[in-house]
Every structure is written in C-alpha cells, then in structure tokens.
Amino acid sequence: MAKTKKSSVIADAGRDGLSAVRYAAYSLSGSAYVFLKPLAGGKVLAEFEPKPGVDARAAAGLPARFRLELEDEKFREKIAAGNSSLREFLLLKAVNYAPKAPEPEPDSGLTPKQEKELNDLIHQIEKEIKAETAGGKKDPLGITRTWEDKYGSNGNKKKR
Amino acid sequence: MARTATKKSAKGTAAALPHFNFRRLSGGAVLLTNDSGMHASLSGAQFRQFRDGRVAAGSALYKDLAAKGFVRDMMDIEGYAAACAKKNSFLGAGPGLHILVLTLRCNHKCVYCQSSAVGQASRGTDMSPALARKCVDFALKSTNPGITIEFQGGEPLLNWEALKASVLHARRRARELGREVRLALVSNFSLMTEEKARFLLANEVSICTSLDGPADLHDKNRVFAGGGSHAATVKWLKYFSAAYKKQVPEFRTFKPSALLTVSRYSLGREKQIVDEYVRLGLEDVFLRPLAPIGYAKQLWDKVGYEPADFLSFYRAGLDYILKLNARGVTIRERNAVMMLEKILNGTDPGYLDMRCPCGAVIGQLAYNHNGDIYACDEGRMVGWQGDDLFKAGNVERDSYSKVMLSQASRACAAASSLDTQPQCSRCAYKPFCGVCPVYNYETQGSLSGEMPSNGRCGLFMGLFDTLFSLLAKPASAKILKGWVSK
C-alpha cells in the first residue's frame, strides 16, 4: 500500500498563541500524527502524517482543516478569556442553586424589632452560605452522606 | 428578571459575547450551545454576524439568541443558573442505580457477551441470599430518594434463592423506611416459570429482557444450548405484556422492556429489528452499539464494527422509525429519546453513560457476586479480567462513605468531567454528552482517553449530528419533539 503523503503548515505562534496552535493540532489527531516543530521568529511548523485508513482526499484536506481549527480556536480562547469570571460565578451559583422563595407580602405584620431580627438572621445565613461555598467545602454536595446521616435512622416513615 | 449590570447592547467584540461552544455542521450551519443547555442553530452568515457582534439589536435573531443566553448583556442570570442546576440535579442526589450480580453463571453463550458470564455448571460464582440482603441494605444507604435495584447476571434466574431473598428484603425495608424502591430484573427468560413470574409481579419487579431482532438474528447472537432463545423471550414478553394490560388492584404492573445489542450480524437488518419490536407491542427500541469491553473486546474481530458502520445502521433505523411514526405506529428510539430529553427539556434522563461526570459511583454501584463493589457494571467486567482498577470497595468490609470516596470513584469523576477533556470542553455537544472512563481505559489505555481518535466519541458525535439535522426539518422535528413532550 502506498504511503499517504505528509503535508505541513507554518503557523505564527507569536501572533496566534502557542496554545491555539497546539489545540488545533490536537483536534486533528484522530486523522493524523501531528508534529509541531519550533521555527525562528515565533513560527511553528505543523507536519501532518495521515493515520492508516485515512483516504487521500481527507489527507490532502488536513492543512485546510488545521487553518480553520486554528481560527476557531483563537475565537474560543478570546471568548473564554473574556468570560472566565462570569462563567465561574454562574456555575458556582448553579451548584448552590435553590429556587427563589416567593416575594414577601408588602406588610409582613412584623414589628420593627422582629423585622430587624429576621434581617439579621438572613444576613447570618447568607454569610454562612458564602463562607461554605467560597473556600471549597470538603463535600459540598454531601456525596459521602448516607440516608441515615441525611434523614435519621427511621427515614420519613411514609407508607407507600 | 435579573440581568447583568451592563445594559448596553453587544459592542461587536468577542468580549461582549458570553461563553458558548460551537460546532460547524455539514451544510454550513453552525450550532451554538452553552452551559445552561440552550442551543441555537445559525446559518454560516448569521454565525459570522454573531461572532463579529453585528446582529442587529431588536432583530428576531437577536431576541432568540438573547432568550437563550447567547447575548452577554441580556443574560437572565437566575434563569441560567436554574437551568444549569436542573440539568445537573443528579450531582448530589446519591447513586440511584444498584446492580446486583446474583450469579456469573449463564445458560446462554452470546457471541458478544459483555457481562463476564461463566458456564451454567460453574461453582463459586453465586451470591448468597445473606450477602444479597447486605447489598440491598448498602444500596439503601444512598441518599437518592428513588433508588433502583437491578438484578443481573449471568442469568439471575439461575440463583432464584438470592433473587427472592433480596426482593423480599428490599420490599420489607422500603416499607419500614417509607422509601420508594424500584426493583428490576434483567433476564433471558429461559428459566422463567409461571410461579416465578407471579412472584415477580406481586412484588412489583419490572422486567427487562434482551431481544436482538427476528428469530434467526436473535438466535445467532444469543446462542442457547437448550433450544431457541428467541422463542422463550417472545413467550414471556407476551406474558408480561398481557399482565401489564390487565393490571390488578393489588399491585402495580410495569410494561416489560427489551434491550437490543447490535452485533456485526445486525448491520443492514435495522428494518427487520424494528418490525420485530413493533410486532411484539414494544414502544421503545434501543439501537445500542456494542462496546469493546470485557469479553466482547476479545471477540471484536468477529462481532465488532467501526463507528461509521454503526452510524449507517442507526441513521437507517431511525429513518425507518420516523416513517413508521408518520404512519401512526407508536415506536421510539431510546438513544434519541434520552438525548432529546437533554436537548429539548434540559432534564437528565438518568442515562448514566452520558452524564458529566459519568455515572460511576455517584450515579450507580455494581455489586459483584462476592460482595465486591465496582464503580459501574462495565468496571466490574474489567475486574473479571483481573484488573480491579474500577473496584470501589466491598459490601462487608467497607463503609458507604469509603466507597463514595474510593480512588475508583474519584478517578472516574475526574476523568469524565468534560471540562478536563481538551476536545469535550470545546465541543458544542458538551451540555448533552458524557465520556466513559472504562471505555477509554479498555480501548485507549487511559481513563481520560483521547477524544479525537476515540470510537465512542465519534459515534456519539454522529448521533448528535443526526439528531440536530433531523430537528432542523419540520416533519421529523415534530415527531422527535413529540417523543419527549410532557
């Protein structure tokens, strides 16, 4: 069987970023062995050796696929960099998500003193939740707890 | 509705876009998805506008993208977090599926056997009734409010005493604890009797069997020395279906189900397989690929196939199922149903193989006949070959907490978290998909594997591509949406 021809592309890691070049290369690794070789001036030579079973047409398309992947990866990295804090916030919020309680009635019927006590209690709980989630609690989801740990030894004793 | 602080519209830079993944589909369309599980399909031109921040504020496209969380300045933070929480609600629920391998003995010699079965006359591979009860007690330690205890083998009916003991014990403990416990039996039916069937029905054990298609195909895949495997399967499927239709006030009777394993012999026979399911009144067919795990790995040259071969089979099968649906026949494809449940409803359908992290330990536990606990049933099959990498503990020696914190548990969770996978973290199908550390280990030698050359990844990508292309067509989309509408 004739060996499929190698192909190559020169990428500008100085301009595009080495991590984008590496990922674009990685994404092709199902179809080819990809060798990255540093060149002068921040350039990188990406060489593609098609894997067995990859047909000639697909092999010939490897450089074009690499360029497209590189463009897409640069875009992904830009999005990721611009959103890391927001994404972290959203996912942390999701992990600790509890459905919002209904809005309280305008007149709570509480005395000013009782309202203050309630507000203090809410602040205290919020503080505790914040402290628990911020530091990476050992088992925040309670994965190691047993049914008895969570509900007591008799469970909820409901009859089916 | 809570919005982010900045109220200005997108400014035309990527920084104004929120985090999302995208995939270029054949035909030029681009699929966008985000962590909340929302998706949008754009034409190539629309994607370029979106990428460059040129989608006109107020346009229908802009409103659609904003509603789905793809416009950073218009994000509904509460709604986004709620959707993320909903689709990941299984994370802290505790393992829901508990597989009790009552025996490794089996009276079948299936060509693809994945369950590490041994011959019917073998000794030392049956679970004792006492140990079976301990396994039930261990399963009941899970904080999951709706656990399922599934009896498997080998052929579990070969160890009837342990099956009976564990069913009775589970029912008694469930009553005492006031807990919902689902019991399920996976059997080839060859040893089913009227007496056993009545016991199972009376104790609300749901029944699942294997059905690989019409008789010649089924019997070729599922070799049974005692006669035709297909005949026994059909006989008892009809029996349990009749019981389901009849229903009695004393107990709930569940509709029986069947599992299909696609071997090389099944390829090209998708219509006959689907027809057989329809003929037997089954409303779901699971076009389930064979995985080169356990014994099947050794037989791969004989019964295995490439992902592309399976995808051709799958597409033809699904196309046929959609045509039957259009003619008013009730039949659904299980892969599609589970994926659509995630894509369209944002809920987790309980398919442990496609979760992130995977179902190993946090979603399921497999109890071997000797009390050893594995992260999943596939991990147990690897254990049978002498490699206990996926062993999480032992029912008699280890605490629940120790099992949950075992190395197998942590390694599987870490390896199957898609954000740690270079390709998956960038993939548009990430919100709906999951990797299998056992598959990766068996086929690529590491728990994390390497997705660009991973057969399972290629297969799942193909399934998702197929579904999204069908969702883009009104006629097929209507049927598919109907499968998961509440």
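The shown structure was predicted, so the numbers you read here are calculated from the model rather than taken from an experiment.

Peer 1: Would you mind going over the environment of Tyr26(A) in detail, with residue names and values included?
Peer 2: Summarising the element assignment, Tyr26(A) is placed in helix H2 (residues 18-27). Once the C-alpha coordinates of Tyr26(A) and Glu69(A) are considered, the two residues, 43 residues apart in sequence, prove to be 9.8 Å apart. If sequence neighbours within four positions are ignored, Tyr26(A) has contacts with Pro422(B), Gln423(B), Glu450(B), Met451(B) and Pro452(B).

Peer 1: Help me get a handle on the interface of chain B and chain A, residues and values and all.
Peer 2: Residue-level contacts link 50 residues of chain B with 42 residues of chain A. For the chain B and chain A pair, buried surface summed over both sides reaches about 4,100 Å², with 61% attributable to carbon and sulfur atoms. Taken together, chain B and chain A are joined by five salt bridges. For the salt bridge of Lys93(A) with Glu78(B), the shortest nitrogen-to-oxygen distance reads 2.9 Å. Where the side of chain B that touches chain A is concerned, the elements lending two or more residues are strand S1 (21-24), helix H1 (44-51), helix H3 (77-87), helix H5 (160-177) and helix H15 (400-404) of chain B. By residue number, the principal contributor to the side of chain B that touches chain A is H3(B), which donates seven residues.

Peer 1: Any details on the pattern of salt bridges? Residues and values, ideally.
Peer 2: Within this structure, the stated rule accounts for 37 salt bridges over all chains. Measuring nitrogen to oxygen at the nearest pair gives 3.3 Å for the salt bridge that ties Asp419(B) to Arg87(A). With Asp419(B) in the loop between helix H16 (407-415) and helix H17 (437-444) and Arg87(A) in helix H4 (residues 62-95), this pair bridges two chains. Looking at Asp419(B), the relative accessible area reads 44%, which means it is partly exposed. Given a relative accessible area of 18%, Arg87(A) falls into the buried group.

Peer 1: Residues and numbers for helix H2 (residues 60-67) of chain B, please.
Peer 2: All names here are of chain B. Three or more residues of H2 are buried, namely Leu61, Tyr62, Leu65 and Ala66. Along the long axis of H2, the arc covered by the buried residues comes to 130°, so they all point the same way. With respect to the buried face of H2, the exposed residues turned more than 90 degrees away are Ala60, Lys63 and Ala67. On its buried face, H2 is in contact with strand S2 (30-33), strand S3 (39-42) and H1. Note on H2: the residue one or two positions beyond its end, Gly69, has a positive phi of about 85°.

Peer 1: Residue-level account of helix H6 (residues 194-202) of chain B, with values.
Peer 2: Spacing of three or four residues puts side chains on the same side of an α-helix, whose turn is 3.6 residues. Taken as a whole, H6(B) has its buried residues at Lys196(B), Ala197(B), Phe199(B), Leu200(B) and Leu201(B). Count one or two residues on from H6(B) and you reach Glu204(B), which has phi positive near 55°.

Peer 1: Could you give an account of the packing of aromatic side chains, with specific residues and numbers?
Peer 2: The full count for this structure, using the stated rule, is 27 aromatic pairs over all chains. With 4.2 Å between their ring centres and 45° between their planes, Trp147(A) and Tyr151(A) make a pair best called tilted. Within this pair, Trp147(A) and its partner Tyr151(A) are both found in helix H6 (residues 147-151), separated by four residues, close to a single helical turn. Exposure remark for Trp147(A): the relative accessible area of 4% places this residue in the buried category. A connected cluster of aromatic rings, assembled from ring pairs, spans Phe75(A), Phe20(B), Phe22(B), Phe47(B), Phe50(B) and Phe70(B). Stacked on the ring of Tyr33(A), the Lys or Arg Lys51(A) has its end atom at 5.1 Å from the ring centre. The ring of Trp147(A) carries Arg179(B) above its face, with NZ or CZ at 3.4 Å from the centroid.

Thresholds, definitions, all that
Residues numbered from 1 in each chain as written. Chains lettered and ligands numbered in written order. Predicted model: local features only at pLDDT ≥ 70, side-chain atom pairs only at ≥ 80, totals over all residues. Heavy atoms only, no water. Helix = DSSP H or I, 4+ residues; strand = E, 2+ residues; numbered from the N terminus. Contact = heavy atoms within 4.5 Å. Buried area = accessible area lost by both parts, 1.4 Å probe. Salt bridge = Lys/Arg side-chain N within 4 Å of Asp/Glu carboxyl O. Buried < 20%, exposed > 50% of the residue type's maximum accessible area, 1.4 Å probe, protein only. Arc of directions from axis to C-beta. Phe/Tyr/Trp six-rings, centres within 6.5 Å; stacked < 30°, edge-to-face > 60°. Lys NZ or Arg CZ within 6 Å of the ring centre and 35° of its normal.

On their own, these measurements won't tell you what the molecule is for.
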